[in-house]
Amino acid sequence: MITVNHYLLLSFIIFSIGVTGVLLRRNILIVLMSLELIFNSVNISLVAFSYYLHSMTGMVLVVFTITIAAAEVGVGLAILVAVYRLRRTVYVDELNTLKH
Amino acid sequence: MIETFFFYVFSVIAVISALMVVFNRDPVKSAVSLVLCFLQVAAIYVLLRSPFLAAVQVFVYVGAVVVLFLFVVMVLELKKERLGEYLHVRQKPLVVILVLVLFVGLGSLILKGRIIVPKGLYSESFILKEGVTETLGKLLFTKYIFPFEVVSLLLLVALIGAILLTFKKE
């Protein structure tokens, strides 16, 4: 029998992997991919709650989350391309113009 | 029983492909692993009786988001990164400790948690009778019409923003 805890645990494991990717990777493209992983893990837990609590609110929220994630990727990758044109690097620790 | 089996199959593949996204040195392989992970998440949505969300997941994430990632990899001509160059070396122990603390703390909370709130109107029999996609659509266009319009406006703004940001000034 699969309970809500199973889905939450799966969502949490994917969330941890996403957080590791955001904090550990230097390539900003992979950081954005890890952000997508985090979005997906949150979506899993929302749908699981929605199913086990017999409520539709979670599923409606997931529709909005997917839309916003798509918008976020569009703008994020546009910024990435613009930054790459200027600085010729995709490594986050080399993008430190504001520091100097 | 069969549901349990498929849940474990999908979650194991999802976790392994998520790990491959983060710890692969080739951005193209990362993107392909991301496709695999998103497909498993779509399968999980089917297990949770929401086929509409599974279809949206496949269309939006696999069809649009990952293709966009692959386009950027192609445009920027990113090569496979060298070993020892693809991670923040200095922060590595700190991140490992942070993730372990997160893992143990939140994981124990999740394992102990039980649902005690009252359940809502949309029970499984109701949803099977009415259809989950129909119910979702009715809710989206009645109760949640205002957030729906706001989100569509946000998509338009993001579209204009993405075009403006990548516009080349001569």
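Sequence order as written defines residue numbering, which begins from 1 separately in each chain. Just so you know, chain letters begin at A and ligand numbers begin at 1, following the order they were written in. At least 70 in pLDDT is required for a residue's local features to be given in this predicted model, at least 80 for side-chain atom pairs to be given and counted, and no such filter applies to totals for whole chains, interfaces and linings, which use all residues. For the side-chain quantities, the full set of heavy atoms in the structure was used; hydrogens and water were omitted.

Colleague: Let's hear about the layout of surface pockets: which residues, and what values?
Modeller: Here a cavity denotes a set of grid points, spaced 1 Å apart and computed over the protein atoms alone, in which a 1.4 Å probe fits but from which it cannot get out, and a pocket denotes an open set meeting protein on both sides within 12 Å along at least five of seven lines; residues with an atom within 4 Å of a point are reported as lining. Grid points are joined across faces, edges and corners, and a volume is the space filled by probe spheres set on the points. Of the volumes computed, that of the largest pocket is approximately 390 Å³. What lines the largest pocket is a set of 20 residues, and nearest its centre among them are A:Val73, A:Gly74, A:Val75, B:Leu68 and B:Ala162. Segments assigned H or I by DSSP are reported as helices when at least four residues long, segments assigned E as strands when at least two residues long, and all are numbered from the N terminus. Of all elements in the fold, only α3 (57–87) of chain A together with α3 (51–76) and α7 (145–166) of chain B reach the threshold of two or more residues within the lining of the largest pocket. Counting residues per element, the lining of the largest pocket draws most heavily on α3(A), which supplies eight residues. Each residue receives one of three labels: charged for Asp, Glu, Lys and Arg, nonpolar for Ala, Val, Leu, Ile, Met, Phe, Trp, Tyr, Cys and Pro, and polar for the others, Gly being one of them. Here the residues of the lining of the largest pocket sort into 18 nonpolar, two polar and no charged. Boundary definitions for the domains trace back to an automatic or database domain assignment. Counting contributing residues per domain, the lining of the largest pocket is built from domain 1 (2–120) and domain 2 (121–170) of chain B, each supplying no fewer than three.

Colleague: Describe unusual backbone geometry, naming the residues involved and giving the relevant values.
Modeller: Not every positive phi belongs to a glycine, and A:His54 is a case in point at roughly 55°. Along the polypeptide, A:His54 turns up in the loop between α2 (28–52) and α3. The residue B:Arg49 is not glycine, and still its phi comes out positive at about 60°. Looking at the element boundaries, B:Arg49 is found in the loop between α2 (27–47) and α3. Classification of residues uses two cut-offs on accessible area relative to the type maximum, computed with a 1.4 Å probe and protein chains only: under 20% is buried, over 50% is exposed, and between them is partly exposed. Judged by relative accessible area, B:Arg49 falls into the partly exposed class, the value being 29%.

Colleague: Explain the interface of chain B and chain A to me, and be specific about the residues and the numbers.
Modeller: Between chain B and chain A, the contact holds 83 residues from the first and 68 residues from the second. Between chain B and chain A, roughly 7000 Å² of surface is buried when both sides are summed, and carbon and sulfur atoms account for 79% of that area. Take the accessible area each of two parts loses on contact, using a 1.4 Å probe, and add the two losses: that sum is the buried area. A per-residue breakdown of the area chain B buries against chain A is headed by B:Leu48, B:Phe69 and B:His88, which together make up 10% of the total. In what follows, salt bridge is the name for a side-chain nitrogen of Lys or Arg lying within 4 Å of a carboxyl oxygen of Asp or Glu. Across the contact surface, chain B and chain A share zero salt bridges. Each polar contact in these results corresponds to two N or O atoms within 3.5 Å; when the atoms are within protein, one needs to be able to donate a hydrogen and the other to accept it, and residues that are neighboring in sequence are counted only if both atoms are side-chain atoms. Taken together, chain B and chain A are joined by 10 residue pairs in polar contact (both at pLDDT 80 or more). Throughout, a residue-residue contact means that at least one pair of heavy atoms, one from each residue, lies within 4.5 Å.

Colleague: Tell me what's going on with the domain arrangement of chain B, and back it up with residues and numbers.
Modeller: Residue and element names in this part refer to chain B. Here the domain parsing of chain B yields domain 1 (2–120) and domain 2 (121–170). Distance between the C-alpha centres of domain 1 and domain 2: 23 Å. With six residues of domain 1 at the contact, the number on the domain 2 side is six residues. Between domain 1 and domain 2, the buried area comes to about 480 Å², and carbon and sulfur atoms account for 67% of it. Three residues, Arg49, Phe52 and Gly120, lead the burial of domain 1 against domain 2; their summed loss comes to 84% of the area buried on that side. Where domain 1 touches domain 2, the interface holds zero salt bridges. Summed over the shared surface of domain 1 and domain 2, the number is zero residue pairs in polar contact (both at pLDDT 80 or more). A per-class count over the side of domain 1 that touches domain 2 returns two nonpolar, two polar and two charged.

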